[in-house]
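# Analysis of the macromolecular model
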Amino acid sequence: MNGDINLPREAVITERIQDSQDTFTMRLSVSGVDRFSFLPGQFNMLYLYGVGEVPISIVPDGDSHNSFDHTIRVVGRVTNGLGELQPGARVGIRGPFGRSWPIDMAKGRDLLLVTGGLGNAPLVGVMEHLVKQRDEFGHVDLLHGVKQDAELIWHDRYQKWATLPNTRVLLTADNPSPDWSGSQGTVVDLFSQLSITPQNTTAMLCGPEVMMLAAIERLRGMGVVDSNIWVSLERNMQCGMGKCGHCQMGPKFVCKDGPVFCLSEISGYFGKKGI
Ligand SMILES: Cc1cc2nc3c(=O)[nH]c(=O)nc-3n(C[C@H](O)[C@H](O)[C@H](O)COP(=O)(O)OP(=O)(O)OC[C@H]3O[C@@H](n4cnc5c(N)ncnc54)[C@H](O)[C@@H]3O)c2cc1C
Ligand code: FES
């Protein structure tokens, strides 16, 4: 079992995969734990010894019980250092933390998943749940956008998900190369290809806030109510457990009350400057 999630534990890197120029995956196994349990959308605080700790979404590694993936874009001090580590190296982890996607509430309904950039990481767990339990849901649309096609990771996963029954996968790139077989434009442009039943659709969004705000506007325009729209948010985090206040948004702590929120809970704060 997981043990005390608040205490730092040691994890060993069993594999390292370079996904794209600036993004890599470390496959981790937690020392002394035979089953590391987590829910889709949860995250770990990942500690690069002597440098610092960062929140990173947990991505399932197939059917493995004690190993999982962290897929990381190199943006600064800690992620740079993590990117240097090779198999056999050790990191600290605390977690899993945070609220997951509302999979149980969405059962029997259509799903619309909208992601941009590395915003697809927290939703891999939802898609892998669908692979095992496809008959629990109605129609599924998965929309994903990248700036350039070279940034698209997880080609095999997208191909596999596109073969699921009653499931449509739409990929787009803002500035594609001539080899790109998906659409051109932003992920919100893909909404023109949708034909949804708004009252029966649960939408799950993750990506840059500007993208999510534009998607929310389109969803509302199509008749999807806020109580059926869920977003995963990113904020600067220090403790990951509701103690330090760094991730506060209005009265909510993104680490503890989120990172997955129902839009109706946060519509007074989300996207508002200064909150
Ligand atoms: C719940 C949660 C899940 C996350 N999951 C992932 C994941 O799966 N993979 C991944 O690569 N990243 C993920 N992130 C973002 C990741 O935590 C940051 O990129 C990381 O903290 C940056 O640390 P750093 O020391 O490398 O960069 P820093 O030196 O701290 O910052 C470098 C630059 O990145 C910007 N930055 C820092 N943190 C963030 C952030 N949270 N969002 C946007 N810009 C930021 C800074 O403003 C600065 O410009 C997640 C964040 C949250 C809150
Ligand atoms: S990160 Fe400390 S309260 Fe959320």
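Every chain is numbered independently, its residues counted from 1 as its sequence is written. Chain letters and ligand numbers both follow the written order, the letters beginning at A and the numbers at 1. A pLDDT threshold of at least 70 governs which residues receive local features in this predicted model, and a stricter bar of 80 or more applies before side-chain atom pairs are shown or counted, although totals over entire chains, interfaces and linings include all residues. Only hydrogens and water are set aside; all other atoms, that is, all heavy atoms of the structure, feed into the side-chain values.

### As for the nonpolar core
Side chains of a nonpolar character, in soluble globular proteins, are inclined to be buried together. For our purposes a nonpolar core is just a set of buried Ala, Val, Leu, Ile, Met, Phe, Trp, Tyr and Cys residues, chained together by side-chain atoms within 4.5 Å. Partly exposed describes any residue whose relative accessible area lies between the buried limit of under 20% and the exposed limit of over 50%, with all areas from a 1.4 Å probe on protein chains only and scaled to the type maximum. Among the nonpolar cores identified, the biggest contains 33 residues, and Leu-143, Leu-205 and Leu-233 are the most heavily contacted of them. By the criteria applied, helices consist of DSSP H or I runs no shorter than four residues and strands consist of E runs no shorter than two, each listed in order from the N terminus. Listing elements by their share of this core, those giving two or more residues are strand E3 (43-48), strand E8 (110-116), strand E12 (201-206), helix H5 (209-222), strand E13 (229-232), helix H6 (254-257) and helix H7 (263-266). In terms of residues, this core owes the most to one element, H5, which gives five residues. All domain edges in this entry derive from an automatic or database-based domain assignment. Mapped onto the domain boundaries, this core takes at least three residues apiece from domain 1 (9-97) and domain 2 (103-266). Here Leu-233 is in contact with Glu-209, Met-212, Met-249, Val-254, Pro-259, Phe-261, Ile-266 and Phe-270, once residues within four sequence places are set aside. Formed by 31 residues, the second largest nonpolar core is a distinct cluster that contains Ala-121, Leu-130, Val-140 and Tyr-158. Note on contacts: a residue pair qualifies if any of its non-hydrogen atoms lie within 4.5 Å across the two residues.

### Notes on the site of ligand 1
We call a residue near a molecule or strand when any one of its heavy atoms sits within 4 Å of it. Taken together, the neighbourhood of ligand 1 is formed by 18 residues, with Pro-55, Thr-71, Arg-73, Thr-79 and Glu-234 sitting nearest. Separating an oxygen atom of ligand 1 from a backbone N or O atom of Gly-76 is a distance of 3.2 Å. A distance of 2.9 Å is found between an oxygen atom of ligand 1 and a backbone nitrogen or oxygen belonging to Val-78. Relative to its unbound accessible surface of 880 Å², ligand 1 loses 65% to contact with the protein. Secondary structure elements with two or more residues in the shell around ligand 1: strand E4 (52-57), strand E6 (67-73) and helix H1 (77-84). Throughout this description, a polar contact denotes any pair of N or O atoms lying within 3.5 Å of each other; where both atoms belong to protein, one of them has to be capable of donating a hydrogen while the other can accept it, and for residues adjacent in sequence the pair is counted only when both atoms sit in side chains. Here, Shrake-Rupley sampling with a 1.4 Å probe gives the accessible areas, and only protein chains in the shown set may cover a residue.

### Thoughts on the packing of helix H3 (residues 124-132) against helix H4 (residues 155-162)
Every angle, taken between N-to-C directions, lies between 0 and 180 degrees, and every axis is a line fitted to C-alpha atoms, over only the stretch in contact when it is a helix. The N-to-C vectors of H3 and H4 enclose an angle of 40 degrees; their axes lie 11 Å apart at closest approach. It follows from the interaxial angle that H3 and H4 lie oblique. Relative to H4, H3 is oriented so that their crossing is left-handed. Between H3, through Val-124, Met-127, Glu-128 and Val-131, and H4, the contact on the second element is made entirely by Arg-157, Lys-160 and Trp-161. Looking at the contact of H3 with H4, its residues break down into four nonpolar, no polar and three charged. Working rule for angles: under 35 degrees goes down as roughly parallel, over 145 as roughly antiparallel, 65 to 115 as roughly perpendicular, anything else as oblique. Crossing handedness follows the turn of the near helix against the far one: under a right angle anticlockwise gives a left-handed crossing, and clockwise gives a right-handed one. In this classification, Asp, Glu, Lys and Arg are treated as charged, Ala, Val, Leu, Ile, Met, Phe, Trp, Tyr, Cys and Pro as nonpolar, and every other residue, Gly included, as polar.

### Notes on H3
Those residues of H3 that sit buried are Val-124, Gly-125, Val-126, Met-127, Glu-128 and Leu-130. The inward-facing, buried residues of H3 abut strand E5 (59-60), helix H2 (103-106), E8, strand E9 (140-146), H4 and E12.

### Re the domain arrangement of the chain
Looking at the assigned domains, one finds that the chain contains domain 1 (9-97) and domain 2 (103-266). When each unit is reduced to the centre of its C-alpha atoms, the spacing between domain 1 and domain 2 is 22 Å. With 18 residues of domain 1 at the contact, the number on the domain 2 side is 20 residues. Once two parts are brought into contact, the accessible area they lose, counted with a 1.4 Å probe and summed over both, makes up the buried area. Between domain 1 and domain 2 lies a buried interface of about 1,600 Å² when both sides are counted; carbon and sulfur atoms form 64% of it. By definition here, a salt bridge exists when the distance from a side-chain nitrogen of Lys or Arg to a carboxyl oxygen of Asp or Glu is within 4 Å. Taken together, the links from domain 1 to domain 2 amount to zero salt bridges. Our count for the contact surface shared by domain 1 and domain 2 stands at two residue pairs in polar contact (both at pLDDT 80 or more). Listing elements by their share of the side of domain 1 that touches domain 2, those giving two or more residues are strand E1 (9-20), E3, E4, E5, E6 and strand E7 (90-97). For the side of domain 1 that touches domain 2, a count of residues per class yields eight nonpolar, five polar and five charged.

### Quick notes on the pattern of salt bridges
When their charged atoms lie close together, side chains carrying opposite charge are able to pair. Summed over all chains, the structure comprises 15 salt bridges. Here Arg-27 ties to Asp-61 by a salt bridge, and the two come within 3.6 Å at their closest N and O atoms. Within this pair, whereas Arg-27 is found in strand E2 (residues 23-30), its partner Asp-61 is found in the loop between E5 and E6, the two being separated by 34 residues in sequence. For Arg-27, the salt bridge is made with Asp-69, and the minimal N-O distance between the two is 2.7 Å. With Arg-27 in strand E2 and Asp-69 in strand E6, this residue pair connects regions lying 42 residues apart in the sequence.

### Looking at the sheet that holds E13
DSSP bridges decide pairing: two strands pair if at least two such bridges lie between them. Spatial ordering of the open sheet is given by E11-E10-E9-E8-E12-E13-E16, a layout of seven strands whose pairing is mixed. In the strand order of this sheet, the two ends are held by strand E11 (183-184) and strand E16 (260-262), each with one partner. Both strand E10 (residues 167-173) and E11 contribute to a ladder of two bridges, which runs parallel. Residue pairing in the sheet places Ala-173 in a bridge with Gln-184 of E11. Contacts from H3 reach E8, E9 and E12, with the element oriented near 145 degrees to E8. Seen against the sheet, H4 touches E8, E9 and E10 and runs at an angle of roughly 145 degrees to E10.

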